[in-house]
Amino acid sequence: MSSELPNLTIIDHPLLRHKVSLLRDVSTEKKEFMELVDEIAMLMAYEVTADLETEEYEVETPLEYTRGYRVRGRKLTLIPILRAGLGMVEGVMRLLPTMRVGHIGLQREHETLQPVDYYFKIPPHAQERQFIVTDPMLATGGSASAAIAFLKNSGALSIRLMCIVAAPEGVRKLLHDHPDVPVFTASLDRELNEHGYILPGLGDAGDRLFGTL
Ligand code: PRP
Ligand code: URA
């Protein structure tokens, strides 16, 4: 975390650096791109959930009884921002298979870069849940900020954002709009270009994931 961006945690691990570099590569095809997003999401989930509460219980080993721990994760809820956030769902759920999943559909308008919402469906009792919002790209921050605002309007009190590549502009917008929301990324890139794409970035994550280039 830098002092300028106190909301940001950069998860820096050799495996993530390796996989994010492959993801950036223009010659990486759709199948491998999807697999990489999935693997990166799984690796990141380990860190993003590092402060999860556990509760004690008694475990019987083949030799004796001992203290065991289980994650109090029943109310953990994953929220992919459609479409590209979908690519991160399975990776996270491999570690946390009982998570509920809600969906928020947002499409960034090409001219204005403003997010337009088209879908919202989350599990009930938002105020009791811990939300992890996934989207591979945090560019202007418009989509993530809007998604988080929708969750808060539904009563959400605990939200964290998990992206793969973030631009400083987007992290700053989230700090301004939602200072209570921690942001986790595998890479903090340099800047946005005039079309709102992250540099060096990896291009359009949704198009590369779903082959709609
Ligand atoms: C991309 C990306 C984010 C958003 C980031 O989605 O997956 O949701 O742009 O940009 P922002 O931070 O400036 O809002 P897009 O709107 O292209 O939709 P898609 O996932 O359906 O491709
Ligand atoms: N959305 C993407 O998919 N890529 C970017 O670089 C910016 C927004």
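This text goes with the structure placed above it.
These notes cover the structure that comes with them. (Residues numbered from 1 in each chain as written. Chains lettered and ligands numbered in written order. Predicted model: local features only at pLDDT ≥ 70, side-chain atom pairs only at ≥ 80, totals over all residues. Heavy atoms only, no water.)

## Quick look at the site of ligand 2
- In the vicinity of ligand 2, the residues found are Arg108, Met137, Ala139, Gly196, Tyr197, Ile198, Gly203, Asp204 and Ala205.
- Between a nitrogen atom of ligand 2 and a main-chain N or O atom of glycine 203, the distance comes to 2.8 Å.
- Here an oxygen atom of ligand 2 and a backbone polar atom of alanine 205 are 2.8 Å apart.
- Burial of ligand 2 by the protein amounts to 89% of the accessible area it has alone, namely 240 Å².
- Partitioning the shell around ligand 2 into residue classes produces 5 nonpolar, 2 polar and 2 charged. (Near = heavy atom within 4 Å. Polar contact = N/O pair within 3.5 Å; in protein donor to acceptor, adjacent residues only side chain to side chain. Areas by Shrake-Rupley, 256 points an atom, 1.4 Å probe, with all protein chains shown as cover. Nonpolar A, V, L, I, M, F, W, Y, C, P; charged D, E, K, R; others polar.)

## Digging into the site of ligand 1
- Taken together, 15 residues lie near ligand 1, and Arg108, Asp135, Thr140, Gly141 and Ser143 sit nearest.
- The backbone of glycine 141 places a nitrogen or oxygen atom 2.8 Å from an oxygen atom of ligand 1.
- At 2.6 Å from an oxygen atom of ligand 1 is found a side-chain nitrogen or oxygen belonging to serine 143.
- Its free accessible area being 500 Å², ligand 1 has 94% of it covered by the protein chains.
- Residue assignment for the shell around ligand 1 shows that the elements contributing at least two residues are strand 6 (103–108), strand 9 (137–138) and helix 4 (142–153). (Helix = DSSP H or I, 4+ residues; strand = E, 2+ residues; numbered from the N terminus.)

## Regarding the pairing of strand 4 (residues 76–82)
- Buried residues dominate strand 4, accounting for 7 of its 7 residues.
- Alternating positions in strand 4 separate into two faces, Leu76, Leu78, Pro80 and Leu82 on one and Thr77, Ile79 and Ile81 on the other, with burial throughout.
- Both strand 4 and strand 8 (residues 130–134) contribute to a ladder of 5 bridges, which runs parallel. In the strand pairing of strand 8, threonine 77 is matched with phenylalanine 131.
- Pairing between strand 4 and strand 5 (residues 100–101): 2 bridges, direction parallel. Each residue of the ladder has a partner; that of threonine 77, found in strand 5, is arginine 100.
- In this region the chain leaves strand 4, passes through helix 3 (residues 89–95) and returns to the parallel neighbour strand 5; the handedness of that crossover is right-handed. (Buried < 20%, exposed > 50% of the residue type's maximum accessible area, 1.4 Å probe, protein only. Pairing = 2+ DSSP bridges. Right-handed = clockwise from strand over helix to strand, strands pointing away.)

## Brief notes about the packing of aromatic side chains
- What the rule picks out here adds up to 1 aromatic pair.
- Taking the centre distance of 5.9 Å and the plane angle of 50 degrees together, the rings of phenylalanine 120 and phenylalanine 150 count as tilted. Highlighted residues: phenylalanine 120 in strand 7 (residues 115–121) and phenylalanine 150 in helix 4, separated in sequence by 30 residues.
- Taking relative accessible area as the criterion, phenylalanine 120 reaches 34% and is therefore assigned partly exposed.
- Judged by relative accessible area, which is 29%, phenylalanine 150 ranks as partly exposed. (Phe/Tyr/Trp six-rings, centres within 6.5 Å; stacked < 30°, edge-to-face > 60°.)

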